[in-house]
Amino acid sequence: MGNLCSKRKGSDSISVKSDGSNKKGSSEQMENHSQSSKRPNHQNGGKNQSGGERSSGTEATPSTVAAETPEPSLQPKDSLRSRIIRDAEPSSVSGDSMSLSSPTMMNPPHGPDLPLPSKLPMEIKKQSDNMKNLLIGRIQKVKPISKSRKITLYVCAADSQDFRLEKGHLHTEVYPGLREYCSSRDYELHITDLHWKTDLETKQDHDFPELCLGELKRQQEVSHVIPVLFLSNSLGAPLLPKTMEQQDFELALSNVSDSAGKLLLEKWYKLDTHAQPQCYRLTTISEHIPRIQSTNCDERGEAIGQWQGVVDEIMTTMLRVFPTELRDTYLTTVIEQEIHNSIFMSRDVGKRSIWSSRCFTGKSPQSPDTLTPAEVEKNRRLEALRNELKNQLIGDRILKFSVKWKDGGLSNTDFEHRKYLLDVSNQLSIHLRSAIDEIIDEESNKSKWKSCYGVSGSLCAEIMEHTAFSQQAAKCCLSFENVINDIKMYIGSESAAANHPLVVHGQRGCGKTCFLSRVIHQVPTWYPEYVLVHRFVGLTPESRSLAQLLRTVTSHVAFLLTGRNYWIPHNAKCYLKELYKMVSTSTSVVVVIDGLDELSTRDASALDWLAEPLPSKIKLIISCADDTPVFQLIKSRIQQQKAFISMPNLSLLSAESMLTASILQYSHSIDSEIQKRLCSRLNHCVLPLYIKVLAWQAAIDTHSVIDISKVTTVISAINHLFDYIEKVLDPDKVTMALGCLCASRNGLCDSEFLDLLAHTSKFFSKVTFVEWAPANIFMAQIFQLLGPFLEWGVSGDAFVVRWRDSTLYDLAKQRYIGNPEVAKKVRQDLLQYFQGEWNDSKNGRFVEWASGSNIGRAVDEVPYQHWHLHGSIKTSHLCNIEWIMKKIQSSTIYNVLEDIGLEVSPDEDLILFRQTLELSSSALSYDSNQLYGQIYNRLLPYFTGSESSEWSTKCPFMKNVFESAKSPKYPCFVPLSSFLHSPKDYDSLLSPTASTTSFSDMDNGEIFFDEVYRMKSSNQFVVSLSTAKEEVIVWDVYSEATVRTLKGIHNPISLKVIDEHRCVILCGRELLTYNIDNGTFMTKLKGVMNQKMPFYGLHDENHIVAISRNRMYVNLMNLDSGDCITTFKVGEDRFLNSLIVSENGKMLVCGDETQKPFPLLVWDLPSRKLLYDLRIPHHEFVTSLSAITKEGHFVCCVCREVDDPGPNFIVVYDLQSGTLFKKWKPGYSTQAIAISAQGGCVINGLDDNRIIVWDLVTGTSQWSLEKHTAPPDILKLDNRGSRCLSCDSSGRDRSVCLWDVTIGSLLAIYIPDSPLTACEVFNNGDGVVLGLRGKSEIATLTFQDARDDGRVTEKYGSDEHHGKVTVLQT
């Protein structure tokens, strides 16, 4: 696909903001702090914090990063942070304009609260309200909770030269180590430092502060910002106010006593009558000093000096006539504004800010008598700022250093100064790491999209990306009511004539995306019983290919209709087959897919399915641009004329309104001449994208550098925009920067973008401490100038900048990498960079790609760039199983399949590899460590048996992979036989005559195993029980062959193993004993069991205890004779509801459901005596969730408060004393519980999918084990109590996990294609046995390489009975 441009469409001309400017609760910012303004009516009536006019744009939130909710910081009203700093108005290229969209044309519909669809499965109903709304498509009710995994160090410095050495050491000594540390914790660390000695800073105009504040605002919205403040005795160069309220200026002017001062103010400040309200605006410097734009360095230097003289004169006049209040309001510096907009705007940001202050010793202070008025004012402001900083920052993070003054200032060659710089570096490193840890720890505790009851958290995160985009895009939609009504009628139609997709089409840039976003908002209000699924092609990596798109859509629909996901090969045809089957008879589903023209040519050729009639319960709405091959293909496939709706054109009046609104949003004021000139361009084109580009160019090109008289089309408008950017920033630099962005696969992180620029000599400077410093400034400038056409979004765990509009992306790609030689150079740079070949650590921009979050970016970009350069990646990457494993671990299996898809003509090796990975994709997306086990299982039919030689010749790479999988290099499960689908099954799986009509039907396959039981001591043999087939079978787990088979056992329900040869079986309501070695019936125990609660347990090899039929007694019976030896009576009218016996047979624990609250009754079986009647006032025991240690010293049970609907909790009793030993409240209800005295722990599976391991001695939580996507309700410990098998019996999560509970680690995991019906862990914990739906043989998984080496071969029973099948009489 090429560069992932998020929503790269022409219709994005009226799409969302990339940085969410003007949004409420802006990330890490508090509400407007201008309530202490001297003139409240103005601060609410049109002024922003910098004194400029209020933007007319609507408030928006970025589509990928939710705004932090900062904690307000309460300060006295007269504090510095409550003053309004108005010097630098966010003009066309600051703040608001960093990534503005087109203006909101219509508010999205909200509508009344609607009932949920009535047929939602239980798994969906149990989700939080936010997740329910997200899943069913009520997008106006969804609140974003996603966060970017990015931290930004924002450097504030009063004087770039004063702190150049300290800042240099921050970049070269501190930042690299912190960056590597953040990467190890899967976070990106970026550093923004614009305070360097450049013409931009020297000019003392408002371009520099606007750039700084705009970049600060962008970083606050896309990352967690840590301000790093270098402030000692200077505030830097003062700035003239860019705008002043009319009455303030005229009052000050009237106070100017000398005519020269008055003329000076009138010369440089003009009344802006176009602003609302009117204000006085500082004229551009070039209007009176034109040489400041000269390309001659000497002339420009003289002009800058002349301008600085003017600044001093005006500043002197203002200091003379302004009262203190106006000085605080209008006279400021860049660093004051940065501090105000970051540290003083959020208590959270203030707490993690670092302030480095330096004091020179041995330097004589300046006499107060010699201070000028400007210096007096500077000292006053500096002291106030320092005091306020002390109130806002944590004391430990105010770093104070003393260093001896020497002529010439600080020097790297002076020993004492070098020691000081080392101390600064060490302190900054310590405190910055602490601040980083606080951010990461805090984020890890916040709400995220977590898997719940089997509903995938990663799927929810993907849906959230599309939902957030749609929420913003819907605000920018024009109303085409006729088209809206046509779509509404299509969705509501039950006629067979409407069994076709509905295609919304139009020119690129006509507003299709925003229009469909409005439709998405309205569908729930039209049809509340329908569920809605929507995707925007290309918005995320998971939506850029047809298979990826259909995967997430099918999974989404599966959860909505059935509450679970199914095994489906990663193949578009498989997904379509399942999707159509699921929606054929269930809840009505509306699927909206915007931008099919964004698909690759290969994917577009696979759209034949659009011609097939849709199932009656699904309505499919797609959009496509007219002038694309995809649209022509769709037209040739869909014959119905009613299936196509064309987007109407804007009227000239509507276009002029949109243009005016756009100009006001981008420029805050509008000049009638400029408006007239721009409106004349609308006679040639009225597309929203065209209007957006015109308005934006008018906002940034305030000097009319580019002539727009020839702008008549979208393409010419965009090219004129690029012309302007190149003229302002230098064509070679722009080509290099935008070439990298266009050539990247998924976009670039900010830190990566800066790395690439910092490595290029074009961006070097000899006058800055770090030579690449101009790269940081250039990066902020180009992001500023391309604001509305870029966006920052999630790509895996990374947060990348990418193109917003497809038309801009296509033109930029053609312009900047259209030349093959240029493209080759750019891609070589990207390849070398992501391969880690740029090992230039001296400048602080070296990055280690071998670990952490960096590796995920590298493994995605490297093969893509390699393929573009060499045409193939088979040898270099695809036939390297270690590299494939690394990519699956750090990226996704689906990205590996996309890499394989790059090969134009794959051979049989690659085809077999691709099909194997497609079959294993759902398992490998869950956990990559299954790779060898999955591959080995699926390739067994190929490389064993009669066809082995043939396939070994045809597919040598896969043969080598198969051999490697026999003895994997890392711990994992390895199957002993093939019980998964192999690529040979592909044709049958897709065949209409397949035995299963859909993949979900596999979950309803025949049950051959209801339970699997291990022997008392043997590892090699287990016993299985099947109720429906009336069978009990002894299996050899290593050969997976039957050793003994007993058939004809009437209604077997459960079984207890007495010894290696005998067992007692609950048959219906009777207990029968059998010799399973020779297959003979032994004894029928007297009496019958209770029908609903047939509980029993072994006392010893000769006796069993069981609850009586009336549940009022516990009977102790002899296994040989079948007689009842004795009876334990609980009491009159008391009914037992559970029974557990310790493995040594000494302790019996029963629950009593009669007494309120329910007690636990404990008997000593050898003495046949009731020991304890355990109760907790106002609580009752959930006795179905209880466990007892082998020796009977401890019993644990789930307990809940009688009148409290909250989560249950766990209690542990010491049965030697009968006292409550431990009580744990994990905060979520328990679904399974186990206890081990040998392991010294209690283990419980929770509703939130976690498994908690509690220390039985200390009572602390030892480990929180997280892997499952649904609550694990089966926990089985091995004989040593150190390894635990966990799984979900409901099938919502098909994974089988083996844990080492002594160290809290996941040893191995495996996900079969079919749900399991029974499972057991080996006695020694070295493997597990599974019973699967539709499989008549057990499936054995051995842990690690314990398949043959060191395995002790055991023998079962008498050799003469080996393989014996016994049919028992009823």
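The structure we're discussing is the one just above.
Quick caveat: nothing in here was measured; it's all calculated off a predicted structure. (Residues numbered from 1 in each chain as written. Predicted model: local features only at pLDDT ≥ 70, side-chain atom pairs only at ≥ 80, totals over all residues. Heavy atoms only, no water.)

S.K.: Help me out: how do you make sense of the overall build of the protein in this one?
M.R.: Assigned secondary structure in the protein consists of 40 helices and 49 strands. With 1370 residues in all, the protein has 62% of them scored as buried. In the protein, the share of contacts with a sequence separation of at least 24, taken over all contacts with a separation of at least 6, comes to 68%. (Helix = DSSP H or I, 4+ residues; strand = E, 2+ residues; numbered from the N terminus. Buried < 20%, exposed > 50% of the residue type's maximum accessible area, 1.4 Å probe, protein only. Contact = heavy atoms within 4.5 Å.)

S.K.: How should I be thinking about the pairing of strand β20 (residues 1031–1036) in this particular structure?
M.R.: The side chains of a regular strand alternate, residue by residue, between the two faces of the sheet. Among the 6 residues that make up β20, 6 are buried, leaving the element largely enclosed by the rest of the structure. The alternating pattern of β20 places Glu1031, Ile1033 and Trp1035 and Val1032, Val1034 and Asp1036 on opposite faces, both of which are buried. Strand direction decides the pairing type here: strand β19 (residues 1021–1026) and β20, joined by 6 bridges, are antiparallel. For leucine 1025, the partnering residue across the bridge sits in β20 and is valine 1032. Following β19, the chain reverses through 4 residues before pairing antiparallel with β20; glutamate 1030 in that reversal takes a positive phi of roughly 55 degrees. Taken together, β20 and the strand that follows it, strand β21 (residues 1041–1047), pair antiparallel across an intervening segment of 4 residues, in which glutamate 1040 is found at a positive phi of about 55 degrees. (Pairing = 2+ DSSP bridges.)

S.K.: How should the sheet that holds strand β42 (residues 1274–1277) be read in this particular structure?
M.R.: Whenever strands of a sheet pair, they do so through backbone hydrogen bonds, lying parallel or antiparallel. Ordered by their spatial adjacency, 4 strands build an open sheet running β42-β43-β44-β45, and the pairing between neighbours is antiparallel. Both outer strands of the open sheet, β42 and β45 (1305–1310), are each paired with one neighbouring strand and no more. Geometrically, the sheet is characterised by an average inter-axis angle of 20 degrees between neighbouring strands, direction not taken into account. Pairing between strand β43 (residues 1283–1287) and strand β44 (residues 1296–1300): 4 bridges, direction antiparallel. Pairing of arginine 1283 across the sheet is with aspartate 1300, part of β44. (Axes fitted to C-alpha atoms, helices over the stretch in contact; angles between N-to-C directions.)

S.K.: Could you clarify how one ought to interpret the nonpolar core in this entry?
M.R.: Grouped burial of nonpolar side chains is what soluble globular proteins tend to show. Ile487 and Trp803 are the most contacted members of the largest nonpolar core, which totals 206 residues. With 10 residues, helix α25 (residues 688–700) is the largest single contributor of residues to this core. Core analysis: the second largest hydrophobic core is formed by 38 residues, Ile881, Leu940, Met958 and Ala965 among them. (Core = buried A, V, L, I, M, F, W, Y, C linked by side-chain atoms within 4.5 Å.)

S.K.: Explain helix α7 (residues 246–255) here, please?
M.R.: In an α-helix there are 3.6 residues to a turn, and that puts residues three or four apart on one side. Among the residues making up α7, those that are buried are Asp248, Phe249, Ala252 and Leu253. Around the axis of α7, the buried residues are gathered within 130 degrees of arc, so they sit on the same side. (Arc of directions from axis to C-beta.)

S.K.: What should I look at first to understand the sheet that holds strand β37 (residues 1219–1224) in this one?
M.R.: Reading across the sheet, the 4 strands line up as β34-β35-β36-β37 and stay open at both edges, with antiparallel pairing between neighbours. Edge strands, defined here as strands with exactly one partner in the open sheet, are β34 (1179–1188) and β37. For this sheet the average axis-to-axis angle between neighbouring strands, irrespective of direction, equals 30 degrees. Pairing of β34 with strand β35 (residues 1194–1201), which is carried by 7 bridges, proceeds in the antiparallel orientation. Opposite alanine 1187, over in β35, you have cysteine 1196 as the bridge partner.

S.K.: What should I look at first to understand helix α23 (residues 652–667) in this one?
M.R.: The first and last C-alpha atoms of α23 sit 22 Å apart over 16 residues, in line with the 22 Å expected at 1.5 Å per residue. Every buried residue belonging to α23 is among Ala655, Met658, Leu659, Ser662, Ile663, Gln665, Tyr666 and Ser667, and all of these are buried. Along the long axis of α23, the arc covered by the buried residues comes to 165 degrees, so they all point the same way. Lining the buried residues of α23 we find α24 (672–680) and α25. Once α23 finishes, histidine 668 follows within two positions and takes phi at roughly 75 degrees, a positive value. (Expected span 1.5 Å × (residues − 1).)

S.K.: I keep staring at the side chain of serine 1286 and nothing clicks. Help me out?
M.R.: Assignment of secondary structure puts serine 1286 in strand β43. One polar contact links serine 1286 to tryptophan 1299, side chain to side chain, over a distance of 2.8 Å. Leaving out residues up to four positions away in the same chain, serine 1286 has contacts with Ile1251, His1268, Pro1272, Ile1274, Leu1275, Ser1295, Val1296, Cys1297 and Trp1299. (Polar contact = N/O pair within 3.5 Å; in protein donor to acceptor, adjacent residues only side chain to side chain.)

S.K.: Teacher, can you tell me more about the packing of aromatic side chains here?
M.R.: Centre-to-centre distance and the angle between the planes together describe a pair of aromatic rings. All chains considered together, the criterion is met by 35 aromatic pairs. Judged by centre distance (5.1 Å) and plane angle (50 degrees), the rings of tryptophan 268 and tryptophan 307 are tilted. Of this pair, tryptophan 268 sits in helix α8 (residues 259–268) while tryptophan 307 is found in helix α10 (residues 297–321), placing the two residues 39 residues apart along the sequence. A ring pair is formed by phenylalanine 1021 and tyrosine 1356, whose centres lie 5.4 Å apart and whose planes are at 50 degrees; its orientation type is tilted. Pair noted here: phenylalanine 1021 is in strand β19 and tyrosine 1356 is in the loop between β48 (1339–1343) and β49 (1364–1367), with a separation of 335 residues, a long-range link. Here phenylalanine 1021 and tyrosine 1356 have matching classes, each one buried. The ring of tyrosine 942 is capped by lysine 984, whose NZ or CZ atom sits 4.9 Å from the centre of that ring. (Phe/Tyr/Trp six-rings, centres within 6.5 Å; stacked < 30°, edge-to-face > 60°. Lys NZ or Arg CZ within 6 Å of the ring centre and 35° of its normal.)

S.K.: When you look at the pattern of salt bridges in this model, what are you seeing that I'm missing?
M.R.: Close approach of charged atoms allows side chains of opposite charge to pair. Applying the stated criterion across every chain, the model contains 64 salt bridges. Salt-bridge contacts for glutamate 377 lead to arginine 380; the nearest nitrogen and oxygen are separated by 2.8 Å. With a gap of 3 residues between them, glutamate 377 and arginine 380 both fall in helix α14 (residues 373–392), about one helical turn apart. Under the relative-accessibility criterion, glutamate 377 is labelled buried at 6%. (Salt bridge = Lys/Arg side-chain N within 4 Å of Asp/Glu carboxyl O.)

S.K.: Explain the environment of phenylalanine 249 to me, please; I cannot follow it from the model alone.
M.R.: By secondary structure assignment, the location of phenylalanine 249 is in helix α7. Measuring from C-alpha to C-alpha, the distance between phenylalanine 249 and leucine 271 comes to 9.7 Å, with 22 residues separating the pair along the chain.

S.K.: How should I be thinking about the pairing of strand β11 (residues 589–594) in this particular structure?
M.R.: Summarising burial for β11: 6 of the 6 residues are buried, a large majority. Burial along β11 is two-sided: the residues Val589, Val591 and Ile593 and Val590, Val592 and Asp594 are all buried. In the sheet, β11 pairs with strand β12 (residues 618–625) via 5 bridges, with the strands oriented parallel. When the sheet's bridge partners are listed, valine 590 is paired in β12 with lysine 619.

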